[in-house]
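Breakdown of the fold
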Amino acid sequence: MLPYPLMGALALAILWVNGLLVAAAALKELWPIRAWTRAIAGGARLVEGIVVRGNGPYGALAVHRVEQLGRATDAGGVVFSDRSYRGEVFGGAIALEGGGAEVAIAESAVAEVWLDATEVAEAAACPSPSAFVAALEPAKKACGHTRTVEAAVREGARVFVVVGRARESGPDVLVATIDPRSWARKRSSLVIAFAMAELLVLAGFTTLALAPPAFGAVSKVGALLGLAFFLLVTPLGTMVRDAVRPPSRCALRGRWSREGSVAIEAGAMLRRPQ
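Bear in mind that the values here come from a model prediction, so they are computed numbers and not experimental data. (Residues numbered from 1 in each chain as written. Predicted model: local features only at pLDDT ≥ 70, side-chain atom pairs only at ≥ 80, totals over all residues. Heavy atoms only, no water.)

1. Describing unusual backbone geometry
We apply this condition: A run of H or I in DSSP becomes a helix once it reaches four residues, and a run of E becomes a strand once it reaches two; helices and strands are each numbered from the N terminus.
Note that the residue after Pro212, namely Pro213, is joined by a cis bond; omega there is 0 degrees. Here Pro213 lies in the loop between α6 (180–209) and α7 (217–243). Phi angles above zero are rare outside glycine, and Tyr58 is one such case at about 55 degrees. Position of Tyr58 relative to the elements: it lies in the loop between β1 (45–54) and β2 (60–72).

2. Details of the pairing of β2
We count it as follows: Summary of the burial criterion: residues with accessible area below 20% of their type's maximum are buried, those above 50% are exposed, and those between are partly exposed, where the area comes from a 1.4 Å probe applied to protein chains only. The pairing criterion is simple: DSSP has to find at least two bridges between the two strands.
Here β2 lies mainly inside the structure; 10 of its 13 residues are buried. Relative to strand β3 (residues 78–89), β2 runs antiparallel, the two sharing 11 bridges. When the bridges of β3 are listed, Arg65 appears paired with Arg86. Connecting β2 to the next strand, β3, in antiparallel fashion are five residues, including Gly76 with a positive phi near 90 degrees.

3. Quick look at the packing of aromatic side chains
Test applied: Two rings from Phe, Tyr or Trp (for Trp, the six-membered ring) form a pair when their centres sit within 6.5 Å of each other. Planes less than 30 degrees apart are called stacked, planes more than 60 degrees apart edge-to-face, and all others tilted.
Tallied over the entire structure, the rule returns three aromatic pairs. Seen in terms of ring centroids, Phe80 and Trp256 are 5.1 Å apart; in terms of plane orientation they differ by 70 degrees. Their pairing is edge-to-face. With Phe80 in strand β3 and Trp256 in strand β10 (residues 255–256), the pair connects residues that are 176 residues apart, well separated along the chain. Here Phe80 and Trp256 have matching classes, each one buried. Seen from their ring centres, Trp114 and Trp183 are 4.9 Å apart, and the 55 degrees between their planes marks the pair as tilted. Placement of the pair is Trp114 in strand β6 (residues 108–114) and Trp183 in helix α6, with a sequence separation of 69 residues. Given the relative accessible area of 2%, Trp114 is considered buried.

Have a look at this one:
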């Protein structure tokens, strides 16, 4: 059996290695977060305006698609998991902010489309009881129920369009209903704040654990707090990583239930003119 001082030193070393790895993983997210802002700073064209024409279905300028797989639950619902994300620009035109001229937007089969999470969630909602029933039967089988959620940018939407490659192997068009510069600033601040706070907390717990006398009351409190930190920091880091994902790759998932589909149908009937 190892002596207590050696065991304590080994535990602290493991704690610091884990903490530094989580902080490094968080800071690594700064590169994809700032990809489009770097592209803009490097000469990519950014235009902001209102969509006045979309060449896609129902006047869509662009669409964000999420491929999903649905599995039936024991409670009789359907739970969806994401399989892939992709965007497409159909082409069209936007009117510049401030009353400027119209700017044509070229078609692009591969693009990033950023929409507000609420817009994508609305597109993924169960539309009717019949749609729920149609999804439930295949969801009970081994292959599951596959579907494609489509959330579109249509005429009248305020958009930011960036034309210029953000990454060597990535798309060279971004269509967003949120300001990519503001989004990048807020997410970058979150990542930096998390990494700094994590290391400061870790340093504080380490100071307590090393407080004299060795293995005294204060030292034991520091050790217990360090154990709690070890158990919680990885899930917290995962939450931060998910929170700073670009909207084009933001997890959608979702759940359909029979009660929810009936509520939607009832709401539609209440709104239907008599």
